[in-house]
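Chain by chain, the residues:
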Amino acid sequence: MSSIVSRARSSSLPNFLAWRALGFRTICSGGLGIAPSSSPPASAGIKILESFKEEFEVGSRVVTLETGKIARFANGSVVLGMDETKVLSTVTCAKSKSPGDFLPLTVDYQEKMFAQGLIPNTYMRREGAPKERELLCGRLIDRPIRPLFPSGFYHEVQIMANVLSSDGKQDPDILAANAASTALMLSDVPWGGPIGVIRLGRIGGQIVVNPTMDELNSSDLHLIYACTRDKTMMIDVQAREITEKDLAAALRLAHPEAVKYIDPQIRLAAKAGKQKKEYKLSMLSEKTLEKVTDLAAERIESVFTDPSRGKFERGEALENIGKDVEKVFEEEGDQESLSILPKAVDTVRKKIVRSRMISEGFRVDGRHLDEVRPIYCESHHLPALHGSALFSRGDTQVLCTITLGAPGDAQRLDSLVGPPKKKFMLHYTFPPFCTDEVGKKLGLNRREVGHGTLAEKALLAVMPPEEDFPYTVRINSEVMASDGSTSMASVCGGSMALMDAGISLRAHVAGVSVGLVTDVDPSSGEIKDYRIVTDILGLEDHLGDMDFKIAGTRTGVTASQLDIKPAGIPLDIVCESLENARKARLQILDHMEREINSPRDQQCRLATLKYTNDALRNLIGPMGALKRQIEEETGARLSIDDGTLTIVAKNQAVMDKAQERVDYIIGREIVVGGVYKGTVTSIKEYGAFVEFNGGQQGLLHMSELSHEPVSKVSDVLHIGKYITMMCIDTDVRGNIKLSLKALLPKPTSRPEKLPVVKEAVSVETSSFGETVASLPSVVEPPQKSKLAVPAVVIRTAVECDEAEKSSSVDKNTKPKRAATVKPDRKPKSTASKQTVKEDETLNSTATEESRDDCGDTLTQDDKLKCTSLENNSNIVSSSKGKKPSRKEKQSDNEAGESPSISARKLKIGTETTAKVHQIRTHGLVLDLGGGIRGMYKFEGDEETEFEIGDTLQVKCTSFSSKGIPVMALVDEEDV
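Residues numbered from 1 in each chain as written. Predicted model: local features only at pLDDT ≥ 70, side-chain atom pairs only at ≥ 80, totals over all residues. Heavy atoms only, no water.

In the annotation of an unreviewed UniProt entry, the protein chain is listed under the name Polyribonucleotide nucleotidyltransferase 2, mitochondrial and assigned to Brassica campestris. Entered under Catalytic activity (unreviewed entry) in the UniProt record, the comment concerning the protein chain runs "RNA(n+1) + phosphate = RNA(n) + a ribonucleoside 5'-diphosphate". Under the Subcellular location (unreviewed entry) heading, UniProt states for the protein chain: "Mitochondrion". (UniProt positions renumbered as here; feature names shortened; annotations may be inferred.)

**Examining the nonpolar core**
Ile145, Phe149, Leu223, Tyr225, Val473 and Leu498 are the most contacted members of the largest nonpolar core, which has 133 residues in total. In this structure, this core is formed jointly by two domains, domain 1 (52–272) and domain 3 (375–595), each of which donates at least three residues. Not counting the four nearest positions on each side in its chain, Phe149 is found in contact with Leu103, Leu105, Val157, Leu184, Val189, Pro190 and Trp191. If you look at the next biggest cluster of nonpolar residues, it comprises 29 residues, including Ile300, Ala344, Ile358 and Leu369. (Core = buried A, V, L, I, M, F, W, Y, C linked by side-chain atoms within 4.5 Å. Buried < 20%, exposed > 50% of the residue type's maximum accessible area, 1.4 Å probe, protein only. Domains from an automatic or database assignment. Contact = heavy atoms within 4.5 Å.)

**Side note on the sheet that holds strand S18 (residues 510–520)**
The eight strands lie next to each other as S8-S7-S9-S10-S21-S20-S18-S19, forming an open sheet whose pairing is antiparallel. Unpaired on one side and paired on the other, strand S8 (206–209) and strand S19 (527–534) mark the two borders of the sheet. The sheet shows a mean angle of 20 degrees between the axes of neighbouring strands, taken without regard to direction. For S18 and S19, the ladder comprises seven bridges, and the chain directions are antiparallel. When the sheet's bridge partners are listed, Val514 is paired in S19 with Thr534. Contacts from helix H6 (residues 244–259) reach strand S7 (196–203), S8, strand S9 (221–227), strand S10 (232–242) and strand S21 (557–564) within the one sheet, and its direction differs from that of S9 by about 50 degrees. Where helix H11 (residues 341–360) meets the sheet, it contacts S18 and S19, and its direction lies at approximately 95 degrees from that of S18. (Pairing = 2+ DSSP bridges. Helix = DSSP H or I, 4+ residues; strand = E, 2+ residues; numbered from the N terminus. Axes fitted to C-alpha atoms, helices over the stretch in contact; angles between N-to-C directions.)

**Brief notes about the pattern of salt bridges**
One pass over the full model with this rule turns up 48 salt bridges. Among the salt bridges present, the one from Glu66 reaches Lys69, with a minimum N-O distance of 3.5 Å. Classification of Lys69 by relative accessible area gives partly exposed; the value is 44%. Here Asp108 and Arg446 are joined by a salt bridge, their closest N and O atoms 3.1 Å apart. (Salt bridge = Lys/Arg side-chain N within 4 Å of Asp/Glu carboxyl O.)

**As for the packing of helix H13 (residues 486–500) against helix H15 (residues 571–595)**
At a minimum axis distance of 11 Å, the contact between H13 and H15 shows a crossing angle of 25 degrees. As far as their axial angle goes, H15 and H13 are roughly parallel. Judged by the sense of rotation from one axis to the other, the crossing of H13 with H15 is right-handed. Listed contacts from H15 to Cys492, Ser495 and Met496 of H13 are Ile588, Met592 and Glu595. The residue makeup of the contact of H13 with H15, split by class, is four nonpolar, one polar and one charged. (Parallel < 35°, antiparallel > 145°, perpendicular 65-115°, else oblique. Left-handed = near helix turned anticlockwise from the far one by under 90°. Nonpolar A, V, L, I, M, F, W, Y, C, P; charged D, E, K, R; others polar.)

**Brief notes about the environment of Pro150**
Its place among the elements puts Pro150 in the loop between helix H3 (132–145) and strand S6 (155–165). Classification of Pro150 as partly exposed rests on a relative accessible area of 28%. Each C-alpha atom, one on Pro150 and one on Trp191, is 6.6 Å from the other, the two residues being 41 residues apart in sequence. Look past the residues within four positions of Pro150 in its chain and what remains in contact with it is Pro190 and Leu281.

**Description of the packing of aromatic side chains**
Considering all chains together, one arrives at eight aromatic pairs under this definition. When the centroid spacing of 6.0 Å and the interplanar angle of 10 degrees are considered together, the rings of Phe149 and Phe153 count as stacked. Looking at Phe149, the relative accessible area reads 7%, which means it is buried. Accessibility expressed as a relative area gives 1% for Phe153, which makes it buried. Measuring from ring centre to ring centre gives 6.0 Å for Tyr936 and Phe938, while their planes differ by 75 degrees; the resulting arrangement is edge-to-face. Under the relative-accessibility criterion, Tyr936 is labelled buried at 7%. Classification of Phe938 as buried rests on a relative accessible area of 16%. Among the aromatic residues, those joined into a ring-pair cluster are Phe149, Phe153 and Tyr279. (Phe/Tyr/Trp six-rings, centres within 6.5 Å; stacked < 30°, edge-to-face > 60°.)

**What about the packing of helix H4 (residues 172–186) against helix H7 (residues 262–272)?**
One can describe the packing of H4 onto H7 by two numbers: an axis separation of 9 Å at closest approach and a directional angle of 35 degrees. With respect to the hand of their crossing, H4 and H7 are arranged in right-handed fashion. Residues Asn178, Ser181, Thr182, Met185 and Leu186 of H4 touch H7, and the partners they reach there are Gln265, Ile266, Leu268, Ala269 and Ala272. Here the contact of H4 with H7 is built from residues that sort into six nonpolar, four polar and no charged.

**Describing unusual backbone geometry**
Residues other than glycine predominantly adopt negative phi, and peptide bonds predominantly adopt the trans conformation. Cis rather than trans, the peptide bond between Gly193 and Pro194 has omega equal to 10 degrees. By secondary structure assignment, the location of Pro194 is in the loop between H4 and S7. Phi at Glu241 takes a positive value of approximately 55 degrees, unusual for a residue other than glycine. Even without a glycine there, the phi angle at Ser485 is positive, about 60 degrees. Residue classification places Ser485 among the buried positions, given a relative accessible area of 11%.

**Structural notes on the environment of Pro470**
Considering the arrangement of structural elements, one finds Pro470 in the loop between helix H12 (446–460) and strand S17 (472–481). Separated by 65 residues in sequence, Pro470 and Gly405 have C-alpha atoms that sit 9.6 Å apart. Beyond its immediate sequence surroundings of up to four residues, Pro470 is in contact with Pro407, Lys423 and Thr608.

**Focus on the confidence of the model for the protein chain**
For the protein chain, the mean per-residue pLDDT works out to 80, and 78% of the residues sit at or above 70. Segment residues 807–899 is flagged for pLDDT under 50; beyond a separation of four residues in sequence, or across chains, it makes 192 contacts in the model. (pLDDT = per-residue confidence, 0-100.)

**Overview of the pairing of S10**
Within S10, nine of the 11 residues are buried, leaving the element largely enclosed by the surrounding structure. Sheet topology places S9 next to S10; seven bridges connect them, and they run antiparallel. Bridged to Cys227 within S10 is Thr232. Here S9 hands over to S10 after four residues, the two strands then running antiparallel side by side. Note that S10 and S21 share five bridges and pair antiparallel. Counterpart to Asp236 in the pairing with S21 is Gln561.

**Notes on the sheet that holds strand S4 (residues 85–97)**
Pairing in this open sheet of six strands is mixed, and the strands run S1-S2-S3-S4-S6-S5 from one edge to the other. A single partner strand is all that each edge strand has here, and the edge strands are strand S1 (52–58) and strand S5 (105–111). Here the strands of the sheet are splayed against their neighbours by 15 degrees on average, with no regard to which way each runs. The pairing of S5 with S6 spans seven bridges and is classified as parallel. Residue pairing for S6: Val107 is matched across the bridge by Ile159. Each of S5 and S6 touches H3; the most contacted strand, S5, lies at about 140 degrees to it. In the packing of H7 onto the sheet, contacts are made with S1, strand S2 (61–67) and strand S3 (76–82), and the angle to S1 comes to roughly 175 degrees.

**Notes on H6**
Between its first and last C-alpha, H6 extends 23 Å over 16 residues, near the 22 Å set by a 1.5 Å rise per residue. Taken as a whole, H6 has its buried residues at Glu244, Leu247, Ala248, Ala250, Leu251, Ala254, His255, Glu257, Ala258 and Val259. (Expected span 1.5 Å × (residues − 1).)

**Examining the pairing of strand S33 (residues 923–929)**
With six of seven residues buried, S33 lies mostly within the body of the structure. With four bridges joining them, strand S32 (residues 911–919) and S33 adopt antiparallel strand pairing. In the sheet register, Ile919 faces S33, and the bridge partner there is Leu924. Linkage of S32 to S33, two consecutive antiparallel strands, is achieved through a turn of three residues. In the sheet, S33 pairs with strand S34 (residues 932–937) via six bridges, with the strands oriented antiparallel. Following the sheet pairing, Gly929 is matched in S34 by Ile932. Counting the residues that bridge the hairpin from S33 to S34 gives two residues, and of these Gly930 lies at a positive phi of roughly 70 degrees.

Printed below as a string of structure tokens:
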């Protein structure tokens, strides 16, 4: 340092320049700093990622397997690609063994929206809990992989499958399963693979390998098949009533296609795979197994050979046997045997049950191998619901309920492939009480999701097409008791519940589970003998080798799922099981069809209406407020989608109320003959205007208010009244005519009785409108008159002319009422004339008018003489006698025309003659002459036998507030 300082002092440059020249920085706080070098820093080296790749072709599509580039720290990782879809699968394994006596294998499948260049449509804009599809894909990977792990391997293993990119054409689930198999092959985890997984479809009768999502929509078969080189590992089927023969053929075609994935995995593992690690396996010692067999075999066999024991009785007996064996080992202090004792007891039970089924052909409940348990079916179990059914098979019991909803109630599916919505849902629930256990009910359970999806696929095949049934359906399958095959019981109960809800299924669907028991050669692993078991119990599922669930109709299979426990089952045994399942399924269908074989009338009312988008916008209201208000007030559910309004209601009353509100707001197409409801907005003299159908106006004329005459519109309607009416006419200008009386029952009228004429009568009409008839010689005697007027004889025209001339001489002989001859006049029939019977002859009215004009009134003696008339007699009017009416009491000296009277002379008490101008419900409008109108009001039950033109003797009693004279009739006694 001293030499450096001396050099700096001897320099002729300033001190600060001398320090920099020596390569030092400026002095800070008395210290020296080394100045940075002016040479460029060394560049980072290039890392070489060594990757290995296999490329092959399956079903005319190129598949690639690549490892070594990404996820290099994982125990095993691989990227599998097909077209633009790529999936990463990784495998990791815990170093220490788990404390349990089972394999803690976890498979997580995840789809993130970045795989399609999208941002999640959630509040946090990121993916949340696993969706149903992700759980199902995880189960799809787990089921064929789990049986290939060695027995006694209890280290925790985790397989993660992540979709890196998706083109939407290929479903990534099959790619993820093959990638998981490859990742296990590359890892150091002991595993008996590889496996191949393939998807098949059938379009137009032709099998399609690796179909796209669009091709699957037109396919009647959706088959996922997993296998090793020579054995079947897993089957998952969704079909449209495919026959067992066709399904077996599809399985045999799928096997060689799936095997194409196996050799590339082996080649890649040879290039880049790790050496398999030696893991400690928890194996049963032969000594312990023999000791447990000696202590418990006989007692266990006695339990299984007693068919009278139920599920819980057998379980309790086996538990007591296990406790007794445990006491023996505790007394001996054999801790190693105690740790594996439960597994040893279970192994002994398994051997006893399987050997008895293979050798004797009997099961633990005493049934034969192909025998189905007793069945109980009950539809309409809960009448208040849209649909319900209770199904029991043995001790297994399931309650299924149906809830119908609008299209807007469909489930949204945020998945990379497949439809965006699902309108048919089946939710399966397995509560702890169904097995008499205590447990917590947490969120989505993989087992519940898987069982519900299987039953959903089985029933979806027989649902009506969306064009005929566009509504959303939710089935809740509640397991009430479980002793095997609850998912197939859900299929049976769901089918009956759908029928109970009124849904037109193509056919009933039933399901059954088929099991397998094998006798395997320990040295070679080959199956020496086997038995196929129909309708397995829960214990048989646990102790057996296979759980093959098959659902379908009488025509064919709609869904199937195969799960196995050994490392593969020959395909021939699988195909043989299909026939056993078909026979059992037909037996179950017989019970279901006896309970309900056709859709019941719908209790929930569903309505689909078409409107313009502008009209629907008015119905929704600002921020949906009006729509919500209608739903709250009526209790119905409204769903709006592109010009379509769907209303879902619990019953007809709720539906009617909702439709009324909708019609009032936005209306519907006006149809002549259609019935509508509206509110009276204004009343006129000639009728009323009604607002209905979303603000449209229609005219309700006075003549359309009732079948009875109406004097004033206000007597029937008032402003604001809510009425139901019918549209009777529309014109090109948009005017709408409405009617109330079209919806009212018409008054009944009795048929008129005519006198019986034994010979034909030739009838003519004279110039006066009177009937001129030439009667035969024999006429039936007239019946007793029903009116209080004497019977008359219809005279000839000549006789009437003479009578008219004679009556014109003395006008005082005219009756009080002057009637005008009306040849076309018909008998009046109104509701107010209830005392008048309608059993009159067709010409009785004309006869009475002829009598008035001629002035000839027959006496009672003349009436008796009419019975003996032969040639000059005519049709006789018959009427029932009654009290004389007011018109018949009019004096004969009244003038035929009412005299004119001036307004000044008309005072209270003035008597005059008036003519009936109008007849109304509550009174008469009278013509007093001189253009003056008066009114007469009916009193109480007063007879209203008046006709327009009748002349009455009246007296003015008062004047109304508008100056209209109020008249009263003058009786004969007063005159």
